[in-house]
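Inside the fold
Here is what each chain is made of, one letter per residue.
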Amino acid sequence: MAYILYGDKGTGAFCVEAALAEAGAPYEFREISLDKNEQRAPQFRALNPSGKVPALQLPEGPIATETAALLILLAERHPQSRLLPAPGDPARAQALRWLAFLAAEVYPMVEIADYPERFLDDHTAAAFLKRAARDRIRERMLVAEAAVAGPWFLAWGFSALDLYAAMFSRWRECRSDGWRDIHLPKIGAIAAALAQRSAAGPVWNRHFPAG
Ligand SMILES: N[C@@H](CCC(=O)N[C@@H](CS)C(=O)NCC(=O)O)C(=O)O
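Residues numbered from 1 in each chain as written. Predicted model: local features only at pLDDT ≥ 70, side-chain atom pairs only at ≥ 80, totals over all residues.

1. So, helix H10 (residues 200–207)
Buried residues of H10: Ala200, Val203 and Trp204, and no others. Buried residues of H10, viewed axially, fall in a sector of 100 degrees; they line one side. In this fold, the buried residues of H10 make contact with helix H1 (13–23), helix H6 (160–170) and helix H9 (185–195). (Buried ≥ 20, exposed ≤ 12 C-beta atoms within 10 Å, placed from the backbone. Helix = DSSP H or I, 4+ residues; strand = E, 2+ residues; numbered from the N terminus. Arc of directions from axis to C-beta. Contact = placed C-beta atoms within 7 Å.)

This is how it looks when you write it as structure tokens:
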């Protein structure tokens, strides 16, 4: 029995797929094209009513969603893969802290930056909102950057947090104008190291072929 991961290339599905690969868990990737707006189609909303990817069907049947929760769940279900410090490990506090920070403080801004017209009808106002969301994402990624221990996010070593943080840094809001190359050097080094990993590396290169 395999996991079924619903997502698109270069989306939040990346870090879930990379976590599955690191865990050595069998999975199938089912494409939900954001370009075709398939995430909003009734068939997909039957799986995830919020109309967003990723969604993960567990081998035993139920659907789970919310990227940070999926990373924690996979770490819990595949402890041998050391995706996160285990409960009781002193490093776990920082792992959960920064996963939650990215999930709560950064990820919701991505919808505003990507789809400002969902929030404001007026085109000019929407363009201002898009810029404001991008700036807020950048400001919060700087907070995350400052927390990186190096060479991985946690001094504990490689974790699912690296997959999550590096993914945000590849998205348009951080990438455009070369902003992330100047401002996110530690997360950039994590991204470069991820691309070299035997399990997560090929997943990284498929989702983010431009690096
Ligand atoms: N809260 C969700 C957010 C997921 C999310 O925003 N996914 C984006 C792709 S990275 C998406 O599906 N966007 C399409 C849309 O909003 O219509 C999570 O943490 O998984």
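2. Quick word on the sheet that holds strand S2 (residues 27–31)
Backbone-to-backbone hydrogen bonds pair the strands of a sheet. The strands run either parallel or antiparallel. An order of S2-S1-S3-S4 is seen for the four strands of this open sheet, with the pairing classed as mixed. The open sheet is flanked by S2 and strand S4 (63–65), the only strands paired with a single partner. Averaged over all adjacent pairs, the angle separating strand axes in this sheet is 25 degrees, with direction ignored. Bridge count between strand S1 (residues 3–7) and S2: five bridges; the pairing is parallel. Across the sheet, the residue bridging to glycine 7 is glutamate 31, located in S2. (Pairing = 2+ DSSP bridges. Axes fitted to C-alpha atoms, helices over the stretch in contact; angles between N-to-C directions.)

3. Regarding unusual backbone geometry
Along the chain, valine 53 connects to proline 54 via a cis peptide bond; the corresponding omega equals 5 degrees. With respect to the secondary-structure elements, proline 54 resides in the loop between helix H2 (42–45) and strand S3 (55–57). Note the cis peptide between glycine 150 and proline 151, where omega equals -5 degrees. The topology assignment puts proline 151 in the loop between helix H5 (123–147) and H6. We note that glutamate 66 has phi near 80 degrees; this positive angle belongs to a residue other than glycine. At arginine 82, a residue that is not glycine, the phi angle is positive and equals roughly 50 degrees. Assignment of secondary structure puts arginine 82 in the loop between helix H3 (67–77) and helix H4 (92–114). According to the C-beta neighbour criterion, arginine 82 is partly exposed, with 16 such atoms within 10 Å.

4. Side note on the domain arrangement of the protein chain
It is common to report an interface's size as the accessible area lost on association of the parts. Here the protein chain is described as being made up of domain 1 (3–81) and domain 2 (92–197). If you average the C-alpha positions of domain 1 and of domain 2, the two centres end up 19 Å apart. Taken together, the contact between domain 1 and domain 2 spans nine residues of the former and seven residues of the latter. Of all the secondary structure elements, the ones that give two or more residues to the side of domain 1 that touches domain 2 are H1 and H3. Tallying contributions element by element places H3 first for the side of domain 1 that touches domain 2, with five residues. Of the residues that constitute the side of domain 1 that touches domain 2, the class distribution is eight nonpolar, one polar and no charged. (Domains from an automatic or database assignment. Nonpolar A, V, L, I, M, F, W, Y, C, P; charged D, E, K, R; others polar.)

5. What to know about the site of the ligand
Around the ligand lies a shell of 15 residues, among which Thr11, Gly12, Lys52, Val53 and Thr67 are the nearest. At four residues, H4 tops the list of elements feeding residues into the shell around the ligand. Looking at the shell around the ligand residue by residue, the class counts come to six nonpolar, five polar and four charged. In terms of domain composition, the shell around the ligand takes at least three residues from each of domain 1 (3–81) and domain 2 (92–197). (Near = placed C-beta within 6 Å.)

6. Focus: the packing of H1 against H10
At a minimum axis separation of 8 Å, H1 and H10 run at an interaxial angle of 160 degrees. The orientation of H1 with respect to H10, classified from their angle, is roughly antiparallel. When you trace H1 past H10, the crossing you get is right-handed. Where H1 approaches H10, its residues Phe14, Glu17, Ala18, Ala21 and Glu22 are matched on the opposing element by Ala200, Val203, Trp204 and His207. Of the residues assigned to the contact of H1 with H10, the class counts are six nonpolar, one polar and two charged. (Parallel < 35°, antiparallel > 145°, perpendicular 65-115°, else oblique. Left-handed = near helix turned anticlockwise from the far one by under 90°.)

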